[in-house]
Amino acid sequence: MARVVVDVMLKPEILDPQGQAVQRALPRLGFEGIADVRQGKRFELEVEGPVDDAALTRIREMAETFLANTVIEDFTVRVDEAAAARPAGAAQ
């Protein structure tokens, strides 16, 4: 089985209060030098069969209509090559 990852992030022009809260908390926790934080969502899809152009097109359609709110979010779709290279049952 192949794994496809869909990362969903707020568009750069959209305010990210959760990311701002994390960014403000980092110095108090001893983590200096972080200028900005943006938070998002990651979906890992285990795909039955080959991940060909047709499968990726279908997953992009899924992301656009269901996983992301494309008015305020951008998304990327990629095949997780590291998961494909691991033997079945291997630790992640």
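Quick summary incoming for the structure in this document.

### Side note on the nonpolar core
V4, V6, V8, L45, V47, L56, I59, A63, L67, A68 and V77 together form the largest nonpolar core, which totals 11 residues. Only β1 (2-10), β2 (40-47) and α2 (53-67) provide two or more residues apiece to this core. Take this core: its biggest share by element is 4 residues, from α2. Contacts of V8, omitting those with residues within four sequence positions, involve G40, K41, F43, L67, A68, E73, D74 and F75.

### Concerning helix α1 (residues 17-28)
Every α-helical turn comprises 3.6 residues, leaving residues that sit three or four positions apart pointing alike. The end-to-end C-alpha distance of α1 is 18 Å, a good match for the 16 Å that 12 residues give at a rise of 1.5 Å each. Here α1 has its buried residues at G19, A25 and L26. For α1, the angular spread of buried residues about the axis comes to 130 degrees, placing them on one side. Exposed side chains of α1 directed beyond 90 degrees from the buried face belong to P17 and R28. Positive backbone phi, at 90 degrees, marks G30, one or two positions downstream of α1.

### Overview of α2
Along α2, the residues that are buried comprise A55, L56, I59, A63 and L67. Along α2, the residues classed as buried sweep out an arc of 95 degrees about the axis, all on the same side. Among the exposed residues of α2, those pointing more than 90 degrees away from its buried face are D53, A54, R58 and T65. Contact partners of the buried residues in α2: β1, β2 and β3 (73-79).

### Observations concerning the environment of T76
Tracing the backbone through its elements, the reader meets T76 in strand β3. Linking T76 and V6, residues 70 residues apart in sequence, is a C-alpha distance of 5.6 Å.

### Side note on the sheet that holds β1
The pairing of strands in a sheet happens through backbone hydrogen bonds and is either parallel or antiparallel. The sheet built from 3 strands is open, its strands ordered β2-β1-β3 with antiparallel pairing. Strand pairing shows two members of the sheet lacking a second neighbour, β2 and β3, which therefore form its edges. Averaged over all pairs of adjacent strands, the angle between strand axes in this sheet comes to 20 degrees, irrespective of strand direction. Bridge count between β1 and β3: 7 bridges; the pairing is antiparallel. Paired with V6 across the bridge in β3 is V77. Against the sheet, α2 contacts β1, β2 and β3, and its axis sits at roughly 155 degrees relative to β3.

Rules used in this analysis
Residues numbered from 1 in each chain as written. Predicted model: local features only at pLDDT ≥ 70, side-chain atom pairs only at ≥ 80, totals over all residues. Heavy atoms only, no water. Core = buried A, V, L, I, M, F, W, Y, C linked by side-chain atoms within 4.5 Å. Buried < 20%, exposed > 50% of the residue type's maximum accessible area, 1.4 Å probe, protein only. Helix = DSSP H or I, 4+ residues; strand = E, 2+ residues; numbered from the N terminus. Contact = heavy atoms within 4.5 Å. Expected span 1.5 Å × (residues − 1). Arc of directions from axis to C-beta. Pairing = 2+ DSSP bridges. Axes fitted to C-alpha atoms, helices over the stretch in contact; angles between N-to-C directions.

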